[in-house]
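Spelled out from the first residue to the last, the chains are:
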Amino acid sequence: MNLSVHTLFFSPSGGTQKAASLFAHALSAQVQPHSLEQPVAPFSSNDLVVVALPVFTGRIPAYAREKLKAVNGGGAKAIPMVVYGNRDYEDALLELQDLLVELDFQPVAAVAAVAQHSMLPSLAAHRPDEQDAAQLTEFAKKTLEKLSTHSTALPAVPGNRPYREAEPTPIVPATNENCTHCGLCAAHCPVGAIDPAEPSRINPARCILCMRCVNLCPVKAKDLPSPVRENISKFLSQFQSNRRPNELFL
C-alpha cells in the first residue's frame, strides 16, 4: 500500500512532536509534518496521518480539539496518538479516535506514548528515549502489517464515554526577575495569552497551562507559582519509579 505519510500535531513542549516523528519515520522515510497551530490543507484517501496530541488531565486539550475540527480528513487513514508524562492518559485516546472518525479519518491503529512530563521534567526524563524509539518502530511494523491486510477494523482503545470532566486551569505561570522582556514567550504562546509589551501579564482566561513559555524561556524567567510547583511535584513524584510503556492498539 503506497500512502503518503504525515504527522499532524500540537506539541507545546516538543515531546509530542518527537514521539509522532519517531513513529511516523518508522512507517516511511518520507514524512510531511503539520502543526495544528498553522492552517492545514485537506487530506485524502491516499494519505496516512499520525495525529498526535498531548494529554491534559486525562483529556485532549480543548485548544487542539478545536483546531483539529477545522481539518478535513478526506477519508485518510489515521493513527491517533496521545502522549502523556508517565502518569495516565485516561479518556484522551478514545476522545481523539472518536473525533477523527467524526472528521472523516479512518483510524487503523492507535498509540499511547510517553514523553517527559511538561510540569515535572524529572518524570519520564528524556523520553521518548532509545528504548521508546525501538518500541515505536516495532509498533510501526505491526501497523504496516495491518494496513497490508486492508482491514477496516476500528482499534479497540481504552477509555470511557462520557469522557471524564475537563479540569479547569485556575493558575498561570509566574514571572521572576530574570525576565529580559525579550518577548519570546509571547511570540510563541499558542493562545496569545501573554502580553507582548509586558510578558509578566498572562491572561488567565486564555492560558491553557501548556508550559511552553516555561520550557522555552532562555533565562528561566517563568515557572509555576512556588506553592503550586510544590503540590504538583509532590503528587507526581509517586509516578517516578514505574516506567510506563508505550501502548499500541490495532
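The rules behind these values
- Residues numbered from 1 in each chain as written.
- Predicted model: local features only at pLDDT ≥ 70, side-chain atom pairs only at ≥ 80, totals over all residues.
- Heavy atoms only, no water.
- Buried < 20%, exposed > 50% of the residue type's maximum accessible area, 1.4 Å probe, protein only.
- Helix = DSSP H or I, 4+ residues; strand = E, 2+ residues; numbered from the N terminus.
- Pairing = 2+ DSSP bridges.
- Right-handed = clockwise from strand over helix to strand, strands pointing away.
- Polar contact = N/O pair within 3.5 Å; in protein donor to acceptor, adjacent residues only side chain to side chain.
- Contact = heavy atoms within 4.5 Å.
- Axes fitted to C-alpha atoms, helices over the stretch in contact; angles between N-to-C directions.
- Parallel < 35°, antiparallel > 145°, perpendicular 65-115°, else oblique.
- Left-handed = near helix turned anticlockwise from the far one by under 90°.
- Nonpolar A, V, L, I, M, F, W, Y, C, P; charged D, E, K, R; others polar.
- Core = buried A, V, L, I, M, F, W, Y, C linked by side-chain atoms within 4.5 Å.
- Salt bridge = Lys/Arg side-chain N within 4 Å of Asp/Glu carboxyl O.

**Regarding the pairing of strand 3 (residues 47-54)**
In terms of burial, strand 3 is largely enclosed, as eight of its eight residues are buried. Side chains Asp-47, Val-49, Val-51 and Leu-53 of strand 3 all project onto a buried face; the interleaved residues Leu-48, Val-50, Ala-52 and Pro-54 project onto the opposite face, where all are buried too. By the bridge criterion, six bridges tie strand 1 (residues 4-9) to strand 3 in an arrangement that is parallel. Looking across to strand 3, one finds that Thr-7 is bridged to Val-50. One ladder, built from seven bridges, connects strand 3 with strand 4 (residues 77-84); its direction is parallel. What sits directly across from Leu-48, in strand 4, is Lys-77. Between the parallel elements strand 3 and strand 4, the chain passes through helix 2 (residues 62-69) in a crossover that is right-handed.

**Here we look at the side chain of Arg-127**
Looking at the secondary structure, you find Arg-127 in the loop between strand 6 (110-114) and helix 4 (130-148). You can call Arg-127 buried: its relative accessible area is 6%. A polar atom in the side chain of Arg-127 sits 3.4 Å from the side chain of Asn-86. Discounting chain neighbours no more than four positions away, the residues touching Arg-127 are Asn-86, Val-114, Ala-115, Gln-116, Asp-132, Arg-243, Arg-244 and Asn-246.

**What to know about the packing of helix 2 against helix 3 (residues 92-102)**
As a packed pair, helix 2 and helix 3 sit with axes 11 Å apart at the nearest point and diverge in direction by 15°. The angle between helix 2 and helix 3 places the two elements in the roughly parallel class. Crossing of helix 2 against helix 3: the hand is right-handed. Between helix 2 and helix 3, the contacting residues are Arg-65, Leu-68 and Lys-69 on the first element and Glu-95, Leu-96, Leu-99 and Leu-100 on the second. Partitioning the contact of helix 2 with helix 3 into residue classes produces four nonpolar, no polar and three charged.

**A few points about the nonpolar core**
Residues Leu-8, Leu-68, Val-82 and Phe-105 are the most contacted members of the largest nonpolar core, which totals 54 residues. At the level of elements, strand 3, helix 2, strand 4, helix 3, strand 6, helix 5 (184-188), helix 6 (212-216) and helix 7 (226-236) are the ones that each hand at least two residues to this core. Broken down by element, the residue count for this core peaks at six residues, all from helix 3. Apart from residues no more than four positions distant in its own chain, Val-82 is found in contact with Leu-53, Val-55, Ile-60, Tyr-89, Ala-92, Leu-93, Leu-96, Val-111, Ala-112 and Ala-113. Core analysis: the next-biggest nonpolar cluster, separate from the first, contains 25 residues, Phe-9, Leu-48, Ala-52 and Val-111 among them.

**Considerations on the pattern of salt bridges**
Per the counting criterion, the structure on display carries 14 salt bridges. One salt bridge in this structure joins Glu-95 and Arg-65, with 3.1 Å as the shortest N-O distance. Of the two residues, Glu-95 sits in helix 3 while Arg-65 sits in helix 2, which places them 30 residues apart along the sequence. Of the charged contacts, one joins Arg-244 and Glu-247 as a salt bridge, the two residues approaching to 4.0 Å between their closest N and O atoms. Via salt bridges that share partners, Arg-87, Glu-90, Arg-164 and Glu-167 belong to a single interconnected network.

**Some points on unusual backbone geometry**
Peptide bonds are mostly trans, and most non-glycine residues show a negative phi. Note the cis peptide between Arg-127 and Pro-128, where omega equals 5°. Within the element layout of this structure, Pro-128 appears in the loop between strand 6 and helix 4. The peptide bond linking Arg-161 to Pro-162 adopts the cis configuration, its omega dihedral lying at 0°. A positive phi angle, close to 60°, is found at His-181, a residue other than glycine. When you line up the elements, His-181 lands in the loop between strand 7 (174-175) and helix 5.

**Focus: the side chain of Asp-98**
One can find Asp-98 in helix 3. A polar side-chain atom of Asp-98 sits 2.8 Å from a polar atom in the side chain of Arg-161. Ignoring sequence-local partners within four residues, the contact set of Asp-98 consists of Arg-161 and Tyr-163.

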